[in-house]
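If you want the building blocks of each chain, they are given just below.
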Amino acid sequence: MNIGQLVSWSKILFSSQSRYLLFHVTSMCNARCKHCFYWESIESKNYTDNLTLDEIEMFSSYLPQQEIINLCGAEAFLRHDLADITEIFSRKNKVNIIAIPSNGILTDQILKKAQSLLSRFPHIAFRMTISIDALGDVHDQFRGVQGCFEKATRTLAQLCELKKHYKNLLVLTNTTFSASTQNSILETLSYLVDNFDLDTISMTMVRGDPKDPSQRRSLDLKKYREAVQYVTRYGRKGFKAHPLADFIWNATCYTRERVAQIVEKTLTHPSTRGFTCSPTEDFLVIENNGDIKLCEIIDKSLGNLRKFNYRLDQILELPETRKLVEHVKSGADMCNGCTWECAMRSSIISSPMEYPKLGAYVAKQTFSKYLAA
Ligand code: SF4
């Protein structure tokens, strides 16, 4: 992380507008994952209804400046005009960080598009995340595609090679913790660490209403805790060279630990929610067809951009939208059992109540390091 990126993150933290935009650029997917919470959209084949470039240009005019945009899918690399979409958000919204998660199956297409993005937008930091949930056949079965593991790891290796030529590329992996993957999760994480030059690894808990509901059952929280600790131990790599490395790293560890605590509490007491959520302020979800969603978990459209002349601001100002957001903020039952870590992270970093605990954690870690030296 360089100083520019640090400034970027500070702006995200202190902005009063939506800090994190998730734009589902397509609902087309070449995998059929057991944990997919987006499967109904994928199977309804509404990807023919994607917002066009002209439409994206129009709604971006009503979108405030964005520090970070997540161009996600289904499989985002299936969209042929990713570079043109990036160009719009760069020109209109001055985006600094673009995150693109991928299943990594289409090695050649992904590499070609990644190279084009990296060379065309050297001022934007790209975080490309490849999903690897388990090793070999277990991953293939989890993702519903024969040969998926081999293809995804080939893509990962080639993206890591690209880092030698492009300083604006960060390569990450994400591993889903679920009933099918939990038994081998430490083996999977250590395989990734040992075989690839990754900037960091991450892990997410299976969430929402997965295609295979059994993926959310019989989850072993002891294994989850061990995996969180493993991810934390490895994750420091990306921060080593920064002058504020200790501070940033300790703040990241604090947030990761709080997220893990909330996930554990929620899974132990599924009829509760362990955090305050502020959809449309902390994050904003835009579907491929222009629906503005409350979040990735609750399938509730606040309005469609096409019906509002692409005036995102008008949808956010609707009395129904404001009422629903207030309802969620005040602890609506419909949120019980939510384990969406992105929303938790946003809630933690935007909550002044967390800052004293964060300060105490950082001070404790810093002093113990100097005392040990
Ligand atoms: S708590 Fe979870 S389910 Fe409720 S609005 Fe936030 S992200 Fe959505």
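Residues numbered from 1 in each chain as written. Predicted model: local features only at pLDDT ≥ 70, side-chain atom pairs only at ≥ 80, totals over all residues.

Participant: Please clarify how the overall build of the chain should be interpreted in this entry.
Facilitator: In terms of regular secondary structure, the chain is built from 14 helices and nine strands. Expected size for 373 residues packed as a compact globule is a radius of gyration near 21 Å; at 20 Å, the chain falls within 12% of this value. A principal-axis box enclosing the C-alpha atoms of the chain has dimensions of 60 × 45 × 45 Å. When the 373 residues of the chain are sorted by exposure, 40% land in the buried category. Looking at the chain alone, contacts between residues at least 24 apart form 79% of all its contacts between residues at least 6 apart. (Helix = DSSP H or I, 4+ residues; strand = E, 2+ residues; numbered from the N terminus. Rg over C-alpha atoms; globule rule 2.2 N^0.38 Å. Buried ≥ 20, exposed ≤ 12 C-beta atoms within 10 Å, placed from the backbone. Contact = placed C-beta atoms within 7 Å.)

Participant: In this structure, what is going on with the sheet that holds strand 3 (residues 97–102)? I would like to understand it.
Facilitator: Whenever strands of a sheet pair, they do so through backbone hydrogen bonds, lying parallel or antiparallel. Taken in spatial order, the nine strands line up as 6-5-4-3-2-1-7-8-9 in an open sheet, and their pairing is mixed. What marks the edges here is a single partner per strand, and that holds for strand 6 (200–205) and strand 9 (301–304). With direction set aside, neighbouring strand axes in the sheet form an average angle of 25 degrees. As paired strands, strand 4 (residues 125–131) and strand 5 (residues 169–177) are joined by six bridges and run parallel to one another. (Pairing = 2+ DSSP bridges. Axes fitted to C-alpha atoms, helices over the stretch in contact; angles between N-to-C directions.)

Participant: When you look at the site of the ligand in this model, what are you seeing that I'm missing?
Facilitator: Taken together, the residues surrounding the ligand are Arg273, Cys277, Pro279, Leu294, Cys295, Ile297, Ile298, Val328, Cys335, Cys338, Trp340 and Ala343. In terms of residue class, the shell around the ligand is made up of 11 nonpolar, no polar and one charged. (Near = placed C-beta within 6 Å. Nonpolar A, V, L, I, M, F, W, Y, C, P; charged D, E, K, R; others polar.)

Participant: Mind showing me how you'd approach helix 4 (residues 82–93) here?
Facilitator: An α-helical turn contains 3.6 residues, so any two residues separated by three or four positions project in the same direction. Counted at 1.5 Å a residue, the expected span for helix 4 with its 12 residues is 16 Å, and the 16 Å between its end C-alpha atoms agrees. All buried positions along helix 4 are accounted for by Leu82, Ile85, Thr86, Ile88 and Phe89. On an axial view of helix 4, the arc spanned by its buried residues comes to 155 degrees, and they lie on one face. Contact partners of the buried residues in helix 4: helix 3 (53–60), strand 2 (68–72), strand 3 and helix 5 (107–120). Lys94 occupies a position one or two residues after helix 4 and carries a positive phi of about 50 degrees. (Expected span 1.5 Å × (residues − 1). Arc of directions from axis to C-beta.)

In short, shape yes, function no, at least from these values alone.
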